[in-house]
Amino acid sequence: MKSVTEISGVPKEDLSSIPASAHPTAEGPAEVAANIKYHAQYTPHFSPLKFEPEQAFYATADSVRDSLIQRWNETYLHFHRENPKQTYYLSMEYLQGRALTNAIGNLGITDAYAAALNKLGHDLENIVEQEPDAALGNGGLGRLASCFLDSMATLNLPAWGYGLRYRYGLFKQSITEKGQQESAENWLEKFSPWEIVRHDVVYPVRFYGKVEVCASGVHKWVDGEQLQALAYDVPIPGYGTNNTISLRLWEAKAPAEDFNLNEFNDGQYENAAHLHSKAQQICAVLYPGDAKEEGKLLRLKQQFFLCSASLQDIIARFKERRVENEPIAWNEFPSKVAVQMNDTHPTLSIPELMRILMDDECLGWDEAWTVTTRTIAYTNHTVLPEALEKWSVALLTKLLPRHMEIIAEINKRFLEMIHSSHPDMENKFNNMCILDDSNPQKPVVRMANLCVVSSHTVNGVAMLHSNILKDELFRDYVSLWPEKFQNKTNGITPRRWLRFCNPELSAIITKWLKTDQWVTNLDLLRGLRQFSDNSELQSEWASAKMANKIRLAQYIFQVTGVKVNPNSLFDIQIKRIHEYKRQLLNILGAIYRYKRLKEMSAEERKKVVPRTIMIGGKAFATYTQAKRIVKLVNDVGAVVNNDPAIGDLLKVVFIPNYNVSVAEILIPGSELSQHISTAGMEASGTSNMKFALNGCLIIGTLDGANVEIREEIGKDNFFLFGAEAHDVPKLRKEREQGLFVPDPRFEEAKNFVKSRAFGDYDYTPLLDSLEGNSGYGRGDYFLVGYDFPSYMEAQSRVDNAYKDTKKWMKMSILSTAGSGKFSSDRTISEYAKAIWKIQECRVP
Ligand code: 26V
């Protein structure tokens, strides 16, 4: 048999001297190379004859995994021995992206791996790109969860993440003549080298069935169907520490006994494996379509599956860590366990914990309620009414009869409490109750209300958003429990979002600050302020930006075939496509710019700042209006980018299949980024923080975290426009009264689309949403027309500022210098202190 040393394309002489031997804790290049070669030969994923980039990636990842596993085991043991209070972060989404760069970077072994791969005839940069993104999320909420895990590990906190192991993530986006097309995102096509299947960690999860009341009065949930939750652990290394925590992802399985061999042999294949196919549905995709009842049922099953498996696991660990033979002290549970619900998706943790405590552990209601409410906390991530989950009582009763009983009891006791202690608030009860039976045909459970009533702490994700929660959405609860509500402004991990994605800029920062401590203490970036006028720093800063712009231009050419000029202003908006985020405002602005350019004389055009506008993001598959926006951006690009009269003065590019690794290329190469939501509607935003950290200037509204970013980096360094959150209701009312007079430039941009300047596609329904005074999908609910003139004026300020390179560089440096607050290390420290009450538990 040929050995790995004889493979094609790699010089044999170099390889034959490297032994294929296991070195699971290798740190030097020679041992690392031997360990990679060992995995290429003895971890049989591929033919050992092949060692092309793809195989080299998997062998490299297997080698890194060795280092991770050792630290991960030590961390578990250390937590087990120390038995500190531990946080469990429950989330339906994680957007981990690629893991290789992050893992070797956090472990401090990047140079060794780069050198080792060189010895093996490969290039680290190229190997890294072989890895598919782990895309188990939809947007900011999922990426936040992943940034939080990085910070928890880095801060040595005893904390874990729990989620679901979706076979396919959200979807893969491609762009055709028809617009966005979705297909299955096959991230597990080969396999994931980062997960450890835990055949020893399996829990039963029940659905359907009925409730029996025993003679003792204890309720028991019986019958129905039982699936199994199997754990897959993904080790999460901290930066510059041995602590390596777990992201535990559950997969649904059917018990082997449910495979009916007789039916199978009789040719009834589908019947024989009935439960197997049901189990597969649970972890098939994130957010399955829920237009039909089947889809709603499946989403509810997913949520319960996460909650039930995670709580069983948490309780098992609590029991395991108590002193041997001592009775279980349930009142101590909240001093050992903190559960954080990432939005309302894991709300069923509340009735599930109550059920386990009462029905399995025989606690009384009051005792169980005290334990539950002292354990669980809730983060709200949106105020959009359509995203505030409501589940029908009928569906809950069918799928989770015992949980529905418990929810009804929580509601009843809450009502009684108001009645007896706060009779003045009875008129508020319609707003506050958990069960909403205003439509008696279809009563629903409001999950956010259940969360607020049952959690010890409720937090928003930026100051403005937390204030909106307190003043509007949860106002009535605030008068009951003022101390329950907190703000925790979001953050991002500086490791992935600066240190690793932008090595050029990182090196400059380290050089000028004379330390690399900023990677774990981001406030140190403030030290750059004193050099913001320094022309040497400015020129280094400009070269780093240019290098990143060139790399981005190459990427754009590769994925879209459009050639963009790296000397043009790179202007980016990347996020989920949603009407409130107003990609439509951006593209109408681009359309207006294009029309003006066409009307200019050659002389006038010489004064124009060339601009490349990039827009990327996924539209949810059933969100038709968002898909029309994607189509419009692409149609505008097709015309503008091929107009010889315009040349480099304007390019409009839609970046397909936006994900974490695409963001890692786009953000370092950005100069202007757009965060232009209707004020009051974006809870926080986190890409705004990533851009500012990388020296990109922001054009934005006073919304979400923009408000705090602008305060930190200075008002002069932020291109502000638009209505403020407190103006929005009044502006909508004025519109309803027919008082709104649109700006002629706005009319011109819309009419240009109507004239079919961008093809024959019928944009009437999209443009109609901007017309009329009110009504569903009409009346410009998101105030695109109102904000258009001030948006265009802010864009002129951008162009003027860009003409003055020194001024722009200074603003760029000050953006980075002012980003210290937005480290997720700061956010997580605040959660640890004020909500979870947990302390560092560092592995020696
Ligand atoms: C959206 C969707 C759309 C697809 C169908 C299913 C579904 C379910 C929930 C949601 C809303 C999720 C809430 C969310 O992602 N919020 C974002 O959270 C970020 C982190 O806190 C924050 O920065 C963003 O402003 C906020 O929109």
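Residues numbered from 1 in each chain as written. Predicted model: local features only at pLDDT ≥ 70, side-chain atom pairs only at ≥ 80, totals over all residues. Heavy atoms only, no water.

Q: Honestly, the environment of Gln-280 in this entry has me stumped. Any pointers?
A: With respect to the helices and strands, the residue Gln-280 is situated in helix H10 (residues 274–282). In this structure Gln-280 comes out as exposed when scored by relative accessible area, which is 60%. Distance in space between the C-alpha atoms of Gln-280 and Ser-661 is 28 Å, their sequence separation being 381 residues. (Helix = DSSP H or I, 4+ residues; strand = E, 2+ residues; numbered from the N terminus. Buried < 20%, exposed > 50% of the residue type's maximum accessible area, 1.4 Å probe, protein only.)

Q: Would you mind going over the packing of aromatic side chains with me for this structure?
A: Aromatic ring pairs are described here by two measures, namely the spacing of the ring centres and the angle between the planes. On inspection of all chains with the given rule, the structure shows 37 aromatic pairs. Plain terms: the ring middles of Tyr-203 and Trp-250 are 5.8 Å apart, the flat faces sit at 75° to each other, and that makes the pair edge-to-face. Of the two residues, Tyr-203 is situated in strand S7 (residues 196–207) and Trp-250 in strand S11 (residues 244–253); the sequence distance between them amounts to 47 residues. Each of the two residues, Tyr-203 as well as Trp-250, counts as buried. For the cation-ring pair, Arg-206 lies above Trp-221, with the distance from its terminal atom to the ring centre recorded as 5.8 Å. Over the ring of Tyr-76 we find Arg-321; its NZ or CZ atom is 5.5 Å from the centre of that ring. (Phe/Tyr/Trp six-rings, centres within 6.5 Å; stacked < 30°, edge-to-face > 60°. Lys NZ or Arg CZ within 6 Å of the ring centre and 35° of its normal.)

Q: Looking at this structure, how should I read helix H5 (residues 110–119)?
A: Since one α-helical turn is 3.6 residues long, residues separated by three or four positions face the same way. Along H5, the residues classified as buried are Ala-112, Tyr-113, Ala-116 and Leu-117. What you see down the axis of H5 is that its buried residues fit within an arc of 130°, all on one side. In H5, the exposed positions angled more than 90 degrees off the buried face are occupied by Asp-111 and Asn-118. Packing partners of the buried residues in H5 comprise helix H2 (29–42), helix H3 (53–82), helix H4 (100–107) and helix H6 (124–128). Taken from the residues just after H5, Gly-121 is the one with a positive phi, measuring 85°. (Arc of directions from axis to C-beta. Contact = heavy atoms within 4.5 Å.)

Q: Would you explain the site of the ligand in this entry?
A: Near the ligand you find 19 residues, and of these His-381, Asn-490, Glu-682, Ser-684 and Gly-685 are the closest. Between the ligand and Ser-684, the relevant distance is 3.0 Å, taken from an oxygen atom to a main-chain nitrogen or oxygen of the residue. Taking 600 Å² as the accessible area of the ligand by itself, protein coverage stands at 88%. Element by element, the count of residues in the shell around the ligand is highest for helix H7 (residues 140–154), at three residues. Here the residues of the shell around the ligand are counted per class, giving seven nonpolar, eight polar and four charged. (Near = heavy atom within 4 Å. Polar contact = N/O pair within 3.5 Å; in protein donor to acceptor, adjacent residues only side chain to side chain. Areas by Shrake-Rupley, 256 points an atom, 1.4 Å probe, with all protein chains shown as cover. Nonpolar A, V, L, I, M, F, W, Y, C, P; charged D, E, K, R; others polar.)

Q: Just checking my understanding: could you explain the sheet that holds strand S22 (residues 672–675) for this structure?
A: For sheets, the rule is that strands pair by backbone hydrogen bonds, running either parallel or antiparallel. Strand order in this open sheet of six strands is S21-S20-S19-S22-S23-S24, and the pairing throughout is parallel. Both outer strands of the open sheet, strand S21 (650–655) and strand S24 (718–720), are each paired with one neighbouring strand and no more. Pairwise comparison of adjacent strand axes, ignoring direction, gives a mean angle of 20° for this sheet. Pairing between strand S19 (residues 569–574) and S22: two bridges, direction parallel. Counted as the bridge partner of Asp-571 is Leu-672 from S22. Strands S22, strand S23 (697–700) and S24 of the sheet are contacted by helix H28 (residues 706–713), whose axis makes an angle of about 135° with S24. (Pairing = 2+ DSSP bridges. Axes fitted to C-alpha atoms, helices over the stretch in contact; angles between N-to-C directions.)

Q: Can you help me understand unusual backbone geometry in this one?
A: Glycine aside, residues mostly have negative phi, and peptide bonds are mostly found in the trans state. Positive phi, close to 45°, is recorded for Asn-83, a residue that is not glycine. Within the secondary structure layout, Asn-83 lies in the loop between H3 and strand S1 (86–90). Residue class for Asn-83 comes out buried when judged on its relative accessible area of 19%. The phi dihedral of Asp-780 falls on the positive side, at around 45°, and the residue is not glycine. As for its placement among the helices and strands, Asp-780 is situated in the loop between helix H31 (764–768) and helix H32 (784–803). Classification of Asp-780 by relative accessible area gives buried; the value is 3%.

Q: Explain the environment of Val-461 here, please?
A: As for its placement among the helices and strands, Val-461 is situated in the loop between strand S17 (458–460) and helix H18 (463–473). Owing to a relative accessible area of 1%, Val-461 belongs among the buried residues under this scheme. Separated by 81 residues in the primary sequence, Val-461 and Asn-380 place their C-alpha atoms 7.3 Å from one another. Ignoring anything within four residues of it in the chain, the contact list for Val-461 reads Thr-379, Asn-380, His-381, Ser-466, Asn-487, Lys-488, Thr-489, Asn-490, Ala-683 and Ser-684.

Q: In this structure, what is going on with the packing of helix H15 (residues 401–421) against helix H17 (residues 447–454)? I would like to understand it.
A: Each packed pair of helices is defined by two parameters, the angle between the axes and the distance between the axes. H17 packs onto H15 with a crossing angle of 65° between their chain directions and a minimal axis gap of 11 Å. Crossing of H15 against H17: the hand is left-handed. Together, Ile-407, Ile-410 and Phe-414 of H15 and Leu-450, Val-453 and Ser-454 of H17 make up the contact between the two elements. For the contact of H15 with H17, the per-class residue count stands at five nonpolar, one polar and no charged. (Left-handed = near helix turned anticlockwise from the far one by under 90°.)

Q: What is the right way to look at the sheet that holds S11 in this model?
A: Judged by pairing direction, the sheet is mixed, and its nine strands sit side by side in the order S7-S10-S11-S4-S1-S12-S13-S17-S18 without closing on themselves. Unpaired on one side and paired on the other, S7 and strand S18 (485–487) mark the two borders of the sheet. With strand direction ignored, the average angle separating the axes of adjacent strands in the sheet is 25°. Relative to S18, S17 runs parallel, the two being bridged by three bridges. Note on S18: the bridge partner recorded for Gly-460 is Asn-487. Set on the sheet, H7 makes contact with S1, strand S4 (159–164), strand S10 (225–237), S11 and strand S12 (337–342); between it and S10 the angle comes to about 55°. Across the sheet, helix H34 (residues 824–836) touches S1, S12, strand S13 (376–379), S17 and S18, and the angle it forms with S12 is around 120°.

Q: Got a minute to help me understand the side chain of Asn-243 in this structure?
A: Among the structural elements, Asn-243 can be located in the loop between S10 and S11. In terms of polar contacts, Asn-243 uses its side chain to reach the backbone amide nitrogen of Val-843, at 2.8 Å. Ignoring any residue separated from it by four or fewer positions in sequence, one finds Asn-243 in contact with Thr-75, Phe-79, Ala-153, Asn-156, Ile-236, Pro-237, Gly-238, Cys-841, Arg-842 and Val-843.

Q: Got a minute to help me understand the nonpolar core in this structure?
A: Taken as a class, soluble globular proteins show a tendency for nonpolar side chains to be buried jointly. Core analysis: the largest hydrophobic core is formed by 149 residues, its most contacted members being Phe-207, Trp-250, Phe-305 and Trp-836. Looking at which element gives the most residues to this core, the answer is helix H11 (residues 293–320), with twelve residues. If you look at the next biggest cluster of nonpolar residues, it comprises 110 residues, including Ile-492, Val-636, Tyr-658 and Met-811. (Core = buried A, V, L, I, M, F, W, Y, C linked by side-chain atoms within 4.5 Å.)

Q: Could you clarify how one ought to interpret a nonpolar patch on the surface in this entry?
A: On the surface, Phe-259, Leu-261, Phe-264 and Tyr-269 cluster together to form a nonpolar patch covering roughly 380 Å² of accessible area. When you line up the elements, Phe-264 lands in helix H8 (residues 261–265). (Patch = residues over 30% accessible without salt bridge, like charges linked within 9 Å, V, L, I, M, F, W, Y side chains within 5 Å. Salt bridge = Lys/Arg side-chain N within 4 Å of Asp/Glu carboxyl O.)

Q: It is not clear to me how the environment of Ala-291 should be interpreted in this structure. Could you clarify?
A: Structurally, the position occupied by Ala-291 is in the loop between H10 and H11. Sequence separation between Ala-291 and Lys-470 is 179 residues, and the spatial gap between their C-alpha atoms is 32 Å.

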